[in-house]
Amino acid sequence: MNAIDLFAGCGGLSRGFMDAGFNIIVGVDNDQAALNTFARNHNGAKPLNADLSKQETFDEIKRIAGEREIDVIIAGPPCQGFSLTGPRNFDDPRNKLYLAVLEMVRQYQPKGFIIENVPGMATMYDGQVKDEVLHRFRNMGYNIECKILCAADYGVPQIRKRLIFMGIRADIGIPKFPEPILDAEHYITCREALDDLPSRINELGAEEDAYTSEPRTAYQEKMRGNCTTLYNHVATAHKQFVIDTIAQVPEGGNWRDLPAGVGESRKFNEAWTRYDGNKPSKTIDTGHRNHFHYQYNRVPTIRENARLQSFPDDFVFTGTKTQQNRQVGNAVPPLLGYALGRVLCEIIEGKHHE
Ligand SMILES: C[S@@+](CC[C@H](N)C(=O)[O-])C[C@H]1O[C@@H](n2cnc3c(N)ncnc32)[C@H](O)[C@@H]1O
């Protein structure tokens, strides 16, 4: 089945869909650095650098898709655009990014679609924005539901909650969210995800390097697959005060565990957070200053964050470190994408087999 990925970023969501058997035709984003990573990791999918708030972008997508049927649309629109005062202002030009998804679904009438957002979108304006999205797609002939899913339930070593809209064309069926594959007691932990990777305490490492041990857990084996080069595992050279400060935070702790007078420059919620090796990580964000390795006195490398996001080791990130962190932090974990892709396949193919 063919899919189009809107607001594709580096392609975490589409990597999951690829693994579930979808053919990604084009990934659209206006961040060239993210698209370079997308191109490197999505064989055959065309990266399109274009602004989805512009009409001409739809024409360009149409040119690339050609005569092919588009079975599924997947999208992760940023929701900073919701600067409205209520759902009646939904057509406000500032909401163009969400409207772009509606417009693409209207044009292609795909069998199904997935939209990913932060959980806060569900309660924005007392839920009126979410209700307006549901209403508009229902009016276009889709059965649509939304639910907040937690990535850890699908085998991702991270507590990451996201609001997922699933739409199924009314003649095909009804939405069904994937069943969790793990309960909270069996979530994959940071240690299970990372402890086969070199410590990087005596050297920073290189963008292309070698593994120094065998995988120790089923998750590590799965992430390595057939990969024999260790990519993007480069440590940050911290200032001594950062090393000295984080050294005083116990596993699972944060700035509140520091003695008075230490680490005072950062005191907000997530500051000086050290992961707990026996739990999944907190939500990976696009910055790279506040979360630290459960054991070592440094922030996680790109590869470590990629592992916590369930990117396989052969998924290579390109660009500056800031760009790579943004790509990893913005992404839908591929294993969550995979679970969504599989369920969408079942719903659509179930219809075909009738
Ligand atoms: C949350 S990220 C999407 C992550 C992606 N779904 C993944 O799984 O890797 C949102 C993306 O929207 C892109 N974006 C923001 N405004 C845009 C616009 N006007 N046109 C196209 N892309 C845009 C950003 O560059 C960013 O990569």
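Residues numbered from 1 in each chain as written. Predicted model: local features only at pLDDT ≥ 70, side-chain atom pairs only at ≥ 80, totals over all residues. Heavy atoms only, no water.

Caption draft 1: How the structure looks around the overall build of the protein chain. In terms of helices and strands, the protein chain carries eleven helices and eleven strands. In terms of overall size, the protein chain behaves like a compact globule, its C-alpha atoms giving a radius of gyration of 21 Å where 354 residues would be expected to give roughly 20 Å. C-alpha extents for the protein chain along the principal axes are approximately 60 × 45 × 40 Å. In the protein chain, the proportion of contacts linking residues at least 24 apart, taken out of those at least 6 apart, comes to 65%. Accessible surface, the protein chain: about 15500 Å² in total, of which carbon and sulfur atoms supply 47%. (Helix = DSSP H or I, 4+ residues; strand = E, 2+ residues; numbered from the N terminus. Rg over C-alpha atoms; globule rule 2.2 N^0.38 Å. Contact = heavy atoms within 4.5 Å. Areas by Shrake-Rupley, 256 points an atom, 1.4 Å probe, with all protein chains shown as cover.)

Caption draft 2: The nonpolar core, seen in detail. Judged by nonpolar contacts, the single largest core of 36 residues is most densely connected at Leu 6, Ile 61, Phe 137 and Phe 165. Residue contributions to this core peak at eight residues, all from helix H4 (residues 96-108). With residues up to four places along the chain from it excluded, the contact list for Ile 61 reads Ile 4, Leu 6, Val 26, Val 28, Leu 48, Leu 52, Met 104 and Tyr 108. Core analysis: the second largest hydrophobic core is formed by 29 residues, Ala 8, Phe 17, Val 72 and Ile 348 among them. (Core = buried A, V, L, I, M, F, W, Y, C linked by side-chain atoms within 4.5 Å. Buried < 20%, exposed > 50% of the residue type's maximum accessible area, 1.4 Å probe, protein only.)

Caption draft 3: Quick look at the environment of Ala 206. Tracing the backbone shows Ala 206 in the loop between helix H6 (190-194) and strand E8 (208-209). Here the alpha-carbon distance between Ala 206 and Leu 230, two residues 24 residues apart in the chain, equals 8.9 Å. If we ignore the near neighbours within four places in the chain, the residues touching Ala 206 are Arg 200, Leu 230, His 233 and Val 234.

Caption draft 4: Inspection of the site of the ligand at higher detail. Taken together, 19 residues form the shell around the ligand, and within it Leu 13, Asp 29, Asp 51, Leu 52 and Val 332 come nearest. Phe 7 is positioned with one of its backbone polar atoms (N or O) 3.4 Å from a nitrogen atom of the ligand. Here Leu 13 contributes a backbone N or O atom positioned 2.9 Å from an oxygen atom of the ligand. With the chains in place, 87% of the 610 Å² that the ligand exposes on its own is no longer accessible. (Near = heavy atom within 4 Å. Polar contact = N/O pair within 3.5 Å; in protein donor to acceptor, adjacent residues only side chain to side chain.)

Caption draft 5: Focus on the sheet that holds strand E1 (residues 2-6). Across the sheet, which stays open at both edges, the seven strands sit in the order E3-E2-E1-E4-E5-E7-E6 with mixed pairing between neighbours. Edge positions in the open sheet fall to strand E3 (46-49) and strand E6 (142-150), since each of these has one partner strand only. Strand-to-strand twist of the sheet, defined as the mean angle between neighbouring strand axes without regard to direction, takes the value 15°. Running at roughly 175° to E3, helix H2 (residues 32-41) makes contact with E1, strand E2 (23-29) and E3 of the sheet. In this fold helix H5 (residues 128-139) packs onto strand E5 (112-117), E6 and strand E7 (161-169), with an angle of close to 145° to the strand it touches most, E6. (Pairing = 2+ DSSP bridges. Axes fitted to C-alpha atoms, helices over the stretch in contact; angles between N-to-C directions.)

Caption draft 6: Quick peek at the side chain of His 233. Along the chain, His 233 falls in the loop between strand E9 (230-231) and helix H8 (240-246). At a separation of 2.8 Å, a polar atom in the side chain of His 233 contacts the main-chain carbonyl oxygen of Pro 198. A polar atom in the side chain of His 233 sits 2.8 Å from the side chain of Thr 301. Residues contacting His 233, with those up to four places away along its chain left out, are Leu 197, Pro 198, Arg 200, Leu 204, Gly 205, Ala 206, Arg 298, Thr 301, Arg 303 and Glu 304.

Caption draft 7: Quick peek at the packing of aromatic side chains. Within this structure, the stated rule accounts for eight aromatic pairs. Relative to Phe 317, the ring of Phe 315 has its centre 5.1 Å away and its plane inclined at 45°; by these criteria the two rings are tilted. The two residues Phe 315 and Phe 317 agree in class, both being buried. Pairwise contacts between aromatic rings join Phe 113, Phe 137 and Tyr 142 into one cluster. (Phe/Tyr/Trp six-rings, centres within 6.5 Å; stacked < 30°, edge-to-face > 60°.)

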